[in-house]
Amino acid sequence: MKKIGIITSGGDCSGMNAAIRAATRTALGHGVQVVGFRKGYSGLLKGDFLEMQTKDVAGILHRGGTFLQSARSEEFRTVLGREKAVRHLEEFGVEGLVVIGGDGSLNGALALHRMGVPVIGIPASIDNDIPFTDMALGVDTALNNIIYAVDCIKDTASSHDRAFVIEVMGRNSGYLASMAAIATGAEYAIIPEVECDIADLCNQLRLRYEEGRSNAIIILAEGAGRAQNIADNIKDAIGFETRVTVLGHYQRGGAPSVFDRLLGSRFGHAAVENLLAGQMGKMVGLCCNAILPTLLETVVVSEKRQQDELHEMSLILGI
Ligand SMILES: Nc1ncnc2c1ncn2[C@@H]1O[C@H](COP(=O)(O)OP(=O)(O)O)[C@@H](O)[C@H]1O
Ligand SMILES: O=P(O)(O)OC[C@H]1O[C@](O)(COP(=O)(O)O)[C@@H](O)[C@@H]1O
Ligand SMILES: [Mg+2]
């Protein structure tokens, strides 16, 4: 292989730059040229790329987001779009591709692999909804962002005797909500994977209230309901003063944590080593602290094992 390409695709996350940097320098170390396509699959479709030398990936390790930028591309979802992408790769002499992104981007990577493009995927999404990796890139930084915000809100919740419903991201996954609840000592986490009995939640909060504990933090995963509805329910049932905070895109940015810098570096390095060793159509993942490749076709048909026991634990520790 003489030249490889790198893209970051889907929702950006902290640690993507570490992965780009490691993949680039690993390839250059093997005498392989590297091009970075801008804005994910759109860059492949537009032929928008830059050739990357060691110096081009200097000074990005500590930055959030992705210096190659990211995007969601509707055109790439079509067969015609993907054929154009493959044609462009051939024209530019790109013989292998590293795709850094979430579950959607990895589906796209598998589609390219099936069209004969040697591809390796790197799991990157704050949702932590990708199987065959204990952690995806960006999850740890997002959790650190969330706990900083929740700690701040706890101060004002206790100063004013209020219940706060704090909505966190995660799409259909409750991982961020459950883990943030454990790490902040929140009273309750509401996640899509487990049906929430609002009456039971209100009951528990009322008991606490009667005991004199007159503030509460409820962490709601965005896929599990509307924050304002839950706050209204709590207000009606207990008479608690309630407030809602939606953390939104604040969660996704910021300087990557040590964990994400290391994970991104390990993923980027392993992705290129695997690609050059002929391990194609695979995703590198963190499994019991080793970086292991799994077939993309296995990854995309599997579900991430839910952390039921950790959610259960968050409820027991919270009340
Ligand atoms: N099934 C699919 N086949 C081909 N491409 C896909 C598929 N799913 C997603 N993609 C491509 O990957 C991009 C990113 O996916 P998306 O689900 O939005 O984000 P993420 O990768 O972060 O989960 C999409 O905009 C699309 O171009
Ligand atoms: O930034 P957007 O396009 O509004 O998307 C928001 C979504 O992206 C995420 O932050 C990350 O999801 P993906 O990794 O699937 O892109 C979700 O938690 C959230 O629902
Ligand atoms: Mg996704």
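In the block above lies the structure referred to throughout.
Cut-offs used in this document
Residues numbered from 1 in each chain as written. Chains lettered and ligands numbered in written order. Predicted model: local features only at pLDDT ≥ 70, side-chain atom pairs only at ≥ 80, totals over all residues. Heavy atoms only, no water. Near = heavy atom within 4 Å. Polar contact = N/O pair within 3.5 Å; in protein donor to acceptor, adjacent residues only side chain to side chain. Areas by Shrake-Rupley, 256 points an atom, 1.4 Å probe, with all protein chains shown as cover. Helix = DSSP H or I, 4+ residues; strand = E, 2+ residues; numbered from the N terminus. Nonpolar A, V, L, I, M, F, W, Y, C, P; charged D, E, K, R; others polar. Buried < 20%, exposed > 50% of the residue type's maximum accessible area, 1.4 Å probe, protein only. Domains from an automatic or database assignment. Axes fitted to C-alpha atoms, helices over the stretch in contact; angles between N-to-C directions. Left-handed = near helix turned anticlockwise from the far one by under 90°. Contact = heavy atoms within 4.5 Å.

Draft legend 1. Structural view of the site of ligand 1. Every one of the 15 residues lining ligand 1 counts as a neighbour, but Arg72, Ser73, Gly102, Asp103 and Ser105 are closest to it. Within the side chain of arginine 72, a nitrogen or oxygen atom sits 2.8 Å from an oxygen atom of ligand 1. Here an oxygen atom of ligand 1 and a backbone polar atom of glycine 102 are 3.0 Å apart. For ligand 1, the protein covers 84% of the area, taking 560 Å² as the surface of the free molecule. Here the shell around ligand 1 gets 5 residues from one element, more than from any other, and that element is helix α4 (residues 103-114). Residue composition of the shell around ligand 1, by class: 2 nonpolar, 9 polar and 4 charged.

Draft legend 2. Highlighting unusual backbone geometry. Of note in this structure, cysteine 288 is not a glycine but carries a positive phi near 50°. The class of cysteine 288 is exposed, set by a relative accessible area of 75%. With a phi close to 70°, asparagine 289 is a non-glycine residue in the positive phi region. The topology assignment puts asparagine 289 in the loop between β10 (282-287) and β11 (290-295).

Draft legend 3. Spotlight on the site of ligand 2. The local shell around ligand 2 consists of Gly11, Arg72, Asp103, Ser125, Ile126, Asp127, Met169, Gly170, Arg171, Glu222, His249 and Arg252. Glycine 11 places a polar main-chain atom, nitrogen or oxygen, 3.0 Å from an oxygen atom of ligand 2. The contact in question runs from an oxygen atom of ligand 2 to an N or O atom on the side chain of arginine 171, over 3.2 Å. Taking 480 Å² as the accessible area of ligand 2 by itself, protein coverage stands at 79%. Classifying every residue of the shell around ligand 2 by side-chain character gives 2 nonpolar, 4 polar and 6 charged. Mapped onto the domain boundaries, the shell around ligand 2 takes at least three residues apiece from domain 1 (3-138 + 256-302) and domain 2 (139-253).

Draft legend 4. Expanded view of the packing of helix α1 (residues 16-29) against helix α9 (residues 258-276). Look at α1 against α9: their axes get within 7 Å of each other, and the N-to-C directions meet at 35°. When you trace α1 past α9, the crossing you get is right-handed. Listed contacts from α9 to Ala18, Ala19, Ala22, Ala23, Thr26 and Ala27 of α1 are Asp260, Arg261, Gly264, Ser265, Gly268, His269, Val272 and Glu273.

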